[in-house]
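The primary structure of each chain is shown beneath.
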Amino acid sequence: MSDCLFCAIVAGDIPATVVLETDDVVAFRDISPQAPTHVVVVPRAHHADAAALAAADPGLAGRLLAAGASVAEAEGLADGYRFVLNTGRDGGQTVFHVHLHVLGGRPMAWPPG
Ligand code: 5GP
Ligand code: ZN
């Protein structure tokens, strides 16, 4: 989709530090990390948010989660980590191409802000 930041990263038009690529997902380091490890995992296909992805392609939604688990393992997050799918304005979503945050390397606070 034109004018989508994460489509541009997937296409290689905007640089990012990629840590995992598969046929249908790309994982790269967040530009503003909120934890020692902060990676975002995106499907190559554009879907606006988690609800849209789950409705359109539940298999891809599952592969997104599996890729997030692979990233956590590769990053050595054996003590645990957090997946976040901010959805919509009140959910804190700022980029409207679904992305799974993988956060770890420190204990996570609960409840989140
Ligand atoms: P959201 O707030 O939509 O859940 O998450 C968007 C994330 O994208 C934020 O954590 C933000 O730091 C990250 N981000 C925004 N612009 C860029 C960029 O150009 N490159 C990378 N690697 N991450 C970005
Ligand atoms: Zn997109």
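What this report covers is the structure whose coordinates are included nearby. Small disclaimer: the values here were computed from a predicted structure and weren't measured.

For ligand 1, the set of nearby residues contains 15 residues, the closest of which are Asp30, Asn86, Thr94, His99 and His101. Arginine 29 has a polar backbone atom sitting 2.9 Å from a nitrogen atom of ligand 1. The separation between an oxygen atom of ligand 1 and a polar side-chain atom of histidine 99 is 2.9 Å. Isolated, ligand 1 exposes 520 Å² of accessible area, and the fraction of that covered by the protein chains is 82%. Residue assignment for the shell around ligand 1 shows that the elements contributing at least two residues are helix H1 (5–11) and strand S2 (25–29). Among the elements that make up the shell around ligand 1, the one with the highest residue count is H1 (3 residues). Per-class residue counts for the shell around ligand 1 are 6 nonpolar, 7 polar and 2 charged.

Rules of the game
Residues numbered from 1 in each chain as written. Chains lettered and ligands numbered in written order. Predicted model: local features only at pLDDT ≥ 70, side-chain atom pairs only at ≥ 80, totals over all residues. Heavy atoms only, no water. Near = heavy atom within 4 Å. Polar contact = N/O pair within 3.5 Å; in protein donor to acceptor, adjacent residues only side chain to side chain. Areas by Shrake-Rupley, 256 points an atom, 1.4 Å probe, with all protein chains shown as cover. Helix = DSSP H or I, 4+ residues; strand = E, 2+ residues; numbered from the N terminus. Nonpolar A, V, L, I, M, F, W, Y, C, P; charged D, E, K, R; others polar.

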